[in-house]
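A closer look at the structure
As a plain string of letters, each chain reads:
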Amino acid sequence: MGFRLPSIRRASFTASQASSKVVDVPKGYVAVYVGENQKRFVIPISHLNQPSFQDLLRQAEEEFGYDHPMGGLTIPCREDVFLDITSRC
């Protein structure tokens, strides 16, 4: 499931747009950035309600407030911890 752009729109897609971090996120999902290298993950929004994920959101609020350097939600934890938590959601 995803969003398809009309062929005219795809033809006007430039190299500068390809290099940007803006990538479509399917409806019902959210992009988050995790770890030292700020790896991007696209996760179901249902994860946001899970108690373990709520703890991560509180940590993000404490560290970044509402100013997330990547332009999206940045989670201040290691990738392996994040993957462990999301695998249990």
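Residues numbered from 1 in each chain as written. Predicted model: local features only at pLDDT ≥ 70, side-chain atom pairs only at ≥ 80, totals over all residues. Heavy atoms only, no water.

1. Describing helix 4 (residues 79-87)
Looking at helix 4, one finds that the buried residues are F82, I85 and T86. Within helix 4, the buried residues cover an arc of 95° as seen down the axis, which keeps them to one side. Tucked into the core, helix 4 has its buried residues touching strand 1 (29-34), strand 2 (39-44), helix 3 (51-64) and strand 3 (73-75). (Buried < 20%, exposed > 50% of the residue type's maximum accessible area, 1.4 Å probe, protein only. Helix = DSSP H or I, 4+ residues; strand = E, 2+ residues; numbered from the N terminus. Arc of directions from axis to C-beta. Contact = heavy atoms within 4.5 Å.)

2. What to know about the pattern of salt bridges
Enumeration over the complete set of coordinates arrives at three salt bridges. We note a salt bridge from R58 to D55, for which the minimum N-O separation is 2.7 Å. Taken together, the positions of R58 and D55, both in helix 3 and three residues apart, correspond to about one turn of that helix. Between D84 and R88 there is a salt bridge, with the nearest N and O atoms lying 2.8 Å from each other. Among the residues examined, D84 registers a relative accessible area of 39% and is labelled partly exposed. In this structure R88 comes out as exposed when scored by relative accessible area, which is 57%. (Salt bridge = Lys/Arg side-chain N within 4 Å of Asp/Glu carboxyl O.)

3. A look at the environment of S52
Assignment of secondary structure puts S52 in helix 3. For the pair S52 and T86, spaced 34 residues apart in sequence, the C-alpha to C-alpha distance is 8.5 Å.

4. What to know about the packing of helix 3 against helix 4
One can describe the packing of helix 3 onto helix 4 by two numbers: an axis separation of 9 Å at closest approach and a directional angle of 145°. Judged by the twist between their axes, the crossing of helix 3 over helix 4 is left-handed. Listed contacts from helix 4 to S52, F53 and L56 of helix 3 are F82, I85 and T86. Tallied by class, the residues present in the contact of helix 3 with helix 4 amount to four nonpolar, two polar and no charged. (Axes fitted to C-alpha atoms, helices over the stretch in contact; angles between N-to-C directions. Left-handed = near helix turned anticlockwise from the far one by under 90°. Nonpolar A, V, L, I, M, F, W, Y, C, P; charged D, E, K, R; others polar.)

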